[in-house]
Amino acid sequence: MKVINVAIDGPAGAGKSTIAKMLAKKLNFVYIDTGAMYRAITYKALKLNINLGDESQYQFLDSTNIQLTEDDRVLIDGEDVTKEIRERDVTNHVSAVSSLKIVREKLVNLQREMAKKTNVIMDGRDIGSHVLTDAQVKIYLTASVDERAKRRYLELLQTKAKSEVDYDKLKEEINRRDYLDSNRELNPLKQAEDALLVDTSNYSIDEVINKLSEIILGRVNI
Ligand code: DC
């Protein structure tokens, strides 16, 4: 039986992970968070204290093992880094690490292998345009910068005090990451020609999930 691949791309904070994860549960697909994979490599590179911009210092990739578990945890070489990879230090360096050819080659190969075996919903930046160009469904999920910063702000307020969270700074970081992800040389963030554009600015998560599952079920036989 042919496996079904759904690609969801879009900028930071558009709600991709939340939506892709819930959609995968609803449709009984495996969810693959490729951003988490780039974050895990960034975590390890920071821990090894290498010069992040120097490709020759990434030989450690050969012996690095990344696992995404069924309960959405992220392990690198067996270490659970689910929480650590969301921290600021990793977030602020992940664009630089993910722009390197050596890193992208390793992770893109891994992602393609994962998608061959089972029905997946894979989210990232270059899934529809590069990793899974044959995906049966491609979605480009976006939202305005203000809306994305607001969502991130509210999310952070759940675990931090108001005085620790700076909305303007969050917006600036989102703008910076959009710029770096869209302007890097290798497989930048872009909407694949055959991807459907979905702007989530004015919709709730449930509304987006219903819309996307309708689109997916309309395209493939499950
Ligand atoms: O989705 P995220 O914010 O967790 O992704 C973290 C970074 O990883 C993002 O800034 C760019 C990079 N990334 C990428 O280059 N290609 C992907 N397919 C997914 C993420």
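Residues numbered from 1 in each chain as written. Predicted model: local features only at pLDDT ≥ 70, side-chain atom pairs only at ≥ 80, totals over all residues. Heavy atoms only, no water.

Caption draft 1: Layout of the overall build of the protein. Each helix and strand in the protein was counted, giving 8 helices and 8 strands. For the protein, whose C-alpha radius of gyration is 17 Å, the value lies close to the compact-globule estimate of 17 Å for 222 residues. Taking the principal axes of the C-alpha coordinates as reference, the protein spans close to 50 × 40 × 30 Å. Going through the 222 residues of the protein one by one, you find that 47% of them count as buried. (Helix = DSSP H or I, 4+ residues; strand = E, 2+ residues; numbered from the N terminus. Rg over C-alpha atoms; globule rule 2.2 N^0.38 Å. Buried < 20%, exposed > 50% of the residue type's maximum accessible area, 1.4 Å probe, protein only.)

Caption draft 2: View of the nonpolar core. In this structure, Ile41, Tyr58, Val103 and Leu132 are the most contacted members of the largest nonpolar core, which totals 33 residues. Elements supplying a minimum of two residues to this core: α2 (34–48), β4 (74–76), α3 (88–98), α4 (101–117), β6 (120–124) and α5 (127–131). It is α2 that contributes the most residues to this core, 7 residues altogether. Setting aside residues no more than four positions away along its own chain, Tyr58 makes contact with Ala45, Ile50, Asn51, Leu52, Val97, Leu100, Ile102 and Val103. Core analysis: the second largest hydrophobic core is formed by 21 residues, Val6, Ile121, Ile139 and Ile215 among them. (Core = buried A, V, L, I, M, F, W, Y, C linked by side-chain atoms within 4.5 Å. Contact = heavy atoms within 4.5 Å.)

Caption draft 3: Structural context of α4. With 17 residues, α4 extends 25 Å from end C-alpha to end C-alpha; this agrees with the ideal 24 Å at 1.5 Å per step. Inspection of α4 places Val103, Arg104, Leu107, Val108, Gln111 and Ala115 among the buried residues, and these make up the whole buried set. The buried residues of α4 occupy an angular sector of 110° when projected down its axis, which confines them to one face. Exposed side chains of α4 directed beyond 90 degrees from the buried face belong to Lys116 and Lys117. (Expected span 1.5 Å × (residues − 1). Arc of directions from axis to C-beta.)

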